[in-house]
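# Remarks on the overall topology
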Amino acid sequence: MKRIWLAALAGTAFVPGLAHAQISDPKPGQGAPPSGPAPAPSASPTPTPAPSQDGTVIVAPADESPIVPDDQFEAAMPKIEGDINAPLEAMPPPRGAPTPAPAPVTQGEAAQQVKDQVEQSFAAAPAEDPEFAKPLPPLSEFKVEPPVEDKVADKKAVTIRYTTHEDGLSSVGLEGLFEDLSALENGGGKAANSAMVAARAREDERLAIRLLNSRGYYDATAVSTIDQDPKTPGIVRATISATPGPLYRLGNVTVTSDPTVPPGLLLRELNLNPGDPIEAERVQGAEANVALRLPQQGYPFVKVGQRDILLDEETHIGDYALPIALGPRAVFGDIRTEVGSGTLAEQAARDAERAARRGERGQRGERRQRRARKLVFDADHIRVLRRYKPGELYDVRAVDDLREAMIATSLFSTVSVEPVRTGQAGPDGTEVVDLLVRQNPGRPRTLAAELGYSTGQGIRLTGSWTHRNLFPPEGALIVAGVLGTQEQGLTTTFRRSNAGQRDRTFQIAAQLNHQDYDAYESYTGTLSFRYSRDSTPIWQKRWTYYYGAELVGSNEDRWNYNRNQRDRGTWLIAAAPLFLGYDSSDNLLNPTRGFRIKGNASPETSVRGAARPYARFMLEGTYYQPVSSSIVIAGRARVGSIVGIARDDLPPSRRYYSGGGGSVRGFGYQELGPRAPDGKPVGGRSFNEFAIEARYRFGNYGIVPFIDAGQVYEGIYPTGQNIRFGAGIGGRLYTNFGPIRVDVATPIARKPGESKVSLYISIGQAF
């Protein structure tokens, strides 16, 4: 291309020279203009500028007078007569003019003449084949079949196999971490081509250097090699050879900050000492420990700056310097609260905007806006939730505890708690800081439902509607119902959470209930109140308790041994139930380790003709022990006793029964224990129950084999005689709200009339 371009330039330069030669020496046949007389000079020659004495060119003024006067020009013009739009007449030829020669033929006309002559010389075109004039056949008559494809087997993609080896990392304990992060290892020993193997090897070179640097080897080097493995032909070997070099250690450790109380607090919490290896995890963990521990000891505004480590390549020592903005040492002050921006407020604003565009009032949006602008808790109620006292040294753990307590109420969409400086001096040189609570209300209403089935109880559907803040603060109204094949009921409950004190609950309930079981049929009305300290999934407590009172009116049927027949009776029962529990397990709904102990006592009086006081007691213990990462052994023991009254004087609903999904699986509900002459259970004054199961979990599923045992006794002491056993297996589906349980069991040494197989479906573990 370069040579062609230069030739073109040479040709362009030659043409003007040739033309100039033709014009300079014109000859016939060369295209030069013929010689002739020179044109006559103009009547008014253009004046030639003449130079002045100083060299300035002076141009004489041009003669601007008209060549023909205007009056002579107008007189010479022909007069316009008639229709001015008429076509012009042909001008007569001038007198004495010669006859005009034929008009010369233009180049285009000449080309057309040549074209016509050539076309005339061609032979005439043959007649068109009549086949082309026939109409086309219909499209439906066409038979279109795909062409036969030559099925040739695709060539398999070439795959290079390789093995990975490292050298030099095992001496510093990095081989495991290298294998987890290695690009060669993650490739599975296969690559599409050799370039991919080489790219992975280069990436692993950089990985090896980064890992060694993180352990304090800042002069480390790494080289990768790829060669044929002599032991395995066809497989290449990628080797990463690392040289750690010398280990760098800390020299001077300097923290730049204001004085602390007590002195040396920063260096103690930083815990970096001269001579320690300069390991990235250790250094970063030490700095994180300062940011964590200082707010627990009175410094809420501490900020850790950027570290500086100066390495000496000769001594392999690094001097460490860390600036820290300490902020004031603080004590707790008061509570402030405000409504923050959040999801509910934004949704309310969007609803109001859409309603305004439609020209509507938007009552729903207005309600949301009012609720979004309203505080869920005022400062007084938040003070009830805090576990610290004003004037105590600031501790961020108490702040986190307050936030968790507010989250546990389920009344907020978002909530935050942060310290705010007041500038007010506190004791011992401290500053008082307030806690600012930003809260966004959440949806206060909840609908819940639960469906279960068990042999003896049948299908049981429970549902509830809850308004958690109908009577602020935290005054909830709960309406719950039970609809089952053998039980129906309705309960209305008023509950005040955090009633006057953190984690305390006061509730009043009214209940109507109908139960129809083999042991008895009852129509019951209950009024009760309870004051309790309870656990929640967010805040699980070690010690829990409750105390309260119940007033029960119940109409029930029973087997009357005096008359030797079944009759009905009405009882009025007054009770004062008490409960105390200790929980060291690791999870409220799905424990895997620890134990629980629960104790119940209820002094009661039964009135039917005469008042008969008595007391009911029950003690239960559960234990959870993991034996591997996927298997947990769980055990339970429970005993109970009723003293002070004969069994037949007790209302049937207040007696003890065993059997069922929460008791002894394999037997029907209330199936164990003494029976009346008509074959129905009559209950007893004491019982004992035992259970052990192995909970094997894989992913979100689980399998649980189990063995249960128990019996009910007529006397007040659970003697342990005639204990019955049931065995079975269960399945678990683990969800974010707890496991869904399906258990199938059968009694061992089954007796006539007992269930062959029992099925239990519910939410939560059996215990």
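Figured I'd write up the structure that's included with this text. (Residues numbered from 1 in each chain as written. Predicted model: local features only at pLDDT ≥ 70, side-chain atom pairs only at ≥ 80, totals over all residues. Heavy atoms only, no water.)

### Digging into the nonpolar core
Of all hydrophobic cores here, the largest spans 22 residues; its most connected members are Ile335, Phe377, Tyr394, Met406 and Leu435. When contributions to this core are tallied by element, the ones reaching two or more residues are β11 (330-339), α11 (379-385), α12 (396-408), β12 (412-425) and β13 (431-441). Looking at which element gives the most residues to this core, the answer is α12, with five residues. For Phe377, the residues in contact, after removing those within four places along its chain, are Thr337, Ile382, Leu385, Met406, Thr409, Leu411, Phe412, Gln439, Pro473 and Glu474. Counting 20 residues, the second largest nonpolar core, distinct from the first, contains Val172, Leu212, Ala220 and Ala222. (Core = buried A, V, L, I, M, F, W, Y, C linked by side-chain atoms within 4.5 Å. Buried < 20%, exposed > 50% of the residue type's maximum accessible area, 1.4 Å probe, protein only. Helix = DSSP H or I, 4+ residues; strand = E, 2+ residues; numbered from the N terminus. Contact = heavy atoms within 4.5 Å.)

### Observations concerning the sheet that holds strand β4 (residues 190-191)
Each strand in a sheet pairs with its neighbour through backbone hydrogen bonds, running either in the same direction (parallel) or in the opposite one (antiparallel). The sheet built from four strands is open, its strands ordered β4-β3-β6-β5 with mixed pairing. Across the chains shown, the open sheet's two edge strands, defined by having one partner strand only, are β4 and β5 (221-228). Strand direction decides the pairing type here: strand β3 (residues 160-167) and β4, joined by two bridges, are antiparallel. In the strand pairing of β4, Ile160 is matched with Ala191. In the packing of helix α6 (residues 194-214) onto the sheet, contacts are made with β3, β4, β5 and β6 (235-243), and the angle to β5 comes to roughly 155°. (Pairing = 2+ DSSP bridges. Axes fitted to C-alpha atoms, helices over the stretch in contact; angles between N-to-C directions.)

### Some details on the environment of Ala509
Here Ala509 is to be found in strand β18 (residues 504-516). Accessibility expressed as a relative area gives 12% for Ala509, which makes it buried. Ala509 sits 18 residues away from Thr491 along the chain, and the two C-alpha atoms are 6.9 Å apart. Beyond its immediate stretch of four places on either side in the chain, Ala509 contacts Thr491, Thr492, Thr493, Thr526, Leu527 and Ser528.

### Looking at the pairing of β13
Counted residue by residue, β13 has ten buried out of eleven residues, so it is predominantly covered. Where β12 and β13 come together, ten bridges link them in antiparallel fashion. Bridged to Thr414 within β13 is Asn440. Once β12 ends, the chain turns through five residues before running back antiparallel as β13, passing Asp428 with a positive phi of about 60°.

### A word on α12
Helix length check: α12 (13 residues) gives 18 Å between terminal C-alpha atoms against 18 Å at 1.5 Å per residue, within 8%. Along α12, the residues classified as buried are Val396, Ala398, Val399, Asp401, Leu402, Ala405 and Met406. Packing partners of the buried residues in α12 comprise β11, α11, β12 and β13. Of the residues trailing α12, Ser410 is marked for its positive phi of about 60°. (Expected span 1.5 Å × (residues − 1).)

### Digging into the pattern of salt bridges
According to the stated counting rule, one finds 41 salt bridges in the structure shown. Its salt-bridge partner being Arg387, residue Asp401 comes within 3.2 Å of it at the nearest N-O pair. Placement of Asp401 in helix α12 and of Arg387 in the loop between α11 and α12 is noted, with a sequence separation of 14 residues between them. Residue class for Asp401 comes out buried when judged on its relative accessible area of 7%. A relative accessible area of 42% means that Arg387 is categorised as partly exposed. Residue Asp395 pairs with Arg397 through a salt bridge whose shortest N-O separation is 2.9 Å. (Salt bridge = Lys/Arg side-chain N within 4 Å of Asp/Glu carboxyl O.)

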